[in-house]
Amino acid sequence: MGDWHDQTVAGLAARLRAREVSALELARHFLARGAQHADLNAFLARDEDVTLAQARAADARLAAGEAPRLTGVPVAHKDVLVTTDFPTTAGSRMLAGYRSPFESTVTARLAEAGMVCLGKLNCDEFAMGSSGENSAFGPIHNPWDRTRVPGGSSGGSAAAVAARLAPAATASDTGGSIRQPASFCGLTGIKPTYGRVSRYGAIAYASSFDQVGPMARTAEDCALLLSAMSGGDPERDSTALDLPPEDFTRGLDASIEGLRIGLPREFFGDGLNPDVRAAVEGALAELRRLGATLVDISLPRTELAIPVYYILTPAEASTNLSRFDGVRYGHRARSFADLTDMYVRSRSEAFGEEVKRRIIIGTYVLSHGYYDAYYLQAQKLRRMIADDLQHAFGQCDVIAGPVAPSVAWPIGTHAGDPLAAYLADIYTLAAPLAGLPALSTPAGFGDGGLPVGLQLIGNYLQEGRLLNVAHRLQQATDWHTRKPAGF
Ligand code: GLN
């Protein structure tokens, strides 16, 4: 059996087209790897029959000679995207066994593009978390060191791609959930501009933040997936921008000579671990060698992003999750006294700790008497943070910095201390607060030989630019080609 799992999406697509391998062989190969490494707990649902049937269909399209360029390439989906062929749980007991009657736009588009689905990926419950430990179905393990977290909330996506159980995965980012796990697992992941990708069928956490995006090993692979998944969805998601389809692979090779990269001084302060700082600075030095200029900038409200995010997203979550009441959706308690008791018991039984905490915070900040003091103030600050970023883009083309203050931490580190986990989101919150695109690309290794990511934030709809910069960096370095031992 070939080392198909070491190939990138682009490599596999070319080999499928050259008929060096069939979609069926690839599907079998990756299914076997998934079974072999089940201890990572990256997958929540797999179904061999479904995957193999999709692979056979892909082979038929390839044989007919009119297949789109991703035909036959395997992919796996974060379990917040609803699918008709696999159950969807959002990592919650609330939805255990749930089977959606409809397909999310993103999964449907990737299927139309010919991709073969290997299954659904574990994640923090309702995408709330930054470690993959908040899943109701057990913690996910980082392939670089199984005693460490893979990051979150898209921890299953990152673990699966890093362990070569899938060449690429979908993920979602509300406050960092694509970029931070990509960083912790040595991958590339991009959170698109708010509205670039349809959220139809993406189970909502905080609707004014949520974006779906790809995670893969290279910027080129992310460009391939993003091209297939993005675009307007007028019938189904009115927040998806109605833009013509864009091929994000086209600008990948452009020179970055003269590119102004802004370094917010607040991203390089005391809270940043020295090993992460050294790796990020190494990657920045490479970018300078490639012709970019580094510019000092300031994002003065960086620290405020944490309280603002942790007021606004729970507020939105508390309303989004009200549909899980055991009647419209979700688990229903077996015994109850009356209607109210049924709601209370069903929700108490099926939601995890972190989800309950955020629902309570959200209802609190939205309640009469506190709305003005918390929710409204946070909304105003959100606007000011977005304005700060626009001001920064007057001085630079792209903003760069770390993704997280540290490398992946040991499982259990933040147990019982949610605030400590919230603080580690400091660098990833600005982009989604403003709706801006941002990515993480490998930047070397820190303590314990664990991966470090470089974050790049672009102005609205500048995904192509971000992928271009990451691609040029990847052409000049080999961090993205390293893989965890034993995989
Ligand atoms: N870590 C952040 C949180 O816990 C981000 C989660 C996300 O982006 N879905 O909310």
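For the structure itself, consult the block above.
Residues numbered from 1 in each chain as written. Predicted model: local features only at pLDDT ≥ 70, side-chain atom pairs only at ≥ 80, totals over all residues. Heavy atoms only, no water.

K.L.:
Which residues make up the packing of aromatic side chains, and what values do they have?
P.N.:
Following the criterion strictly, the structure yields 15 aromatic pairs and no others. Considering the side-chain rings of Tyr-364 and Tyr-370, the 4.4 Å spacing of their centres and the 25° angle between planes classify their relative orientation as stacked. Overall, Tyr-364 belongs to the partly exposed group, its relative accessible area being 39%. Look at Tyr-370 and you get partly exposed, because its relative accessible area is 35%. Here the aromatic rings of Tyr-371 and Tyr-375 are separated by 5.1 Å at their centres, their planes lie at 40°, and the arrangement is tilted. In this pair, Tyr-371 and Tyr-375 are both assigned in helix 12 (residues 371–392), four residues apart and thus about one turn of the helix distant. By relative accessible area, Tyr-371 is classed as partly exposed at 32%. Of the residues examined, Tyr-375 reaches a relative accessible area of 13% and is grouped as buried. Linked through ring pairs, Tyr-98, Phe-126, Phe-324, Tyr-329 and Phe-351 together constitute an aromatic cluster. Stacked on the ring of Phe-43, the Lys or Arg Arg-46 has its end atom at 5.8 Å from the ring centre. In this structure, Arg-382 packs its charged tip against the face of Phe-209, placed 3.9 Å from the ring centre. (Phe/Tyr/Trp six-rings, centres within 6.5 Å; stacked < 30°, edge-to-face > 60°. Buried < 20%, exposed > 50% of the residue type's maximum accessible area, 1.4 Å probe, protein only. Helix = DSSP H or I, 4+ residues; strand = E, 2+ residues; numbered from the N terminus. Lys NZ or Arg CZ within 6 Å of the ring centre and 35° of its normal.)

K.L.:
Explain the pattern of salt bridges residue by residue, including any values.
P.N.:
Enumeration according to the criterion identifies 22 salt bridges in this entry. Across the pair Glu-20 and Arg-15 runs a salt bridge whose closest N-O atoms are separated by 3.7 Å. Overall, Arg-15 belongs to the partly exposed group, its relative accessible area being 27%. One connected set of salt bridges, linked through shared partners, spans Glu-353, Glu-354, Arg-357 and Arg-358. (Salt bridge = Lys/Arg side-chain N within 4 Å of Asp/Glu carboxyl O.)

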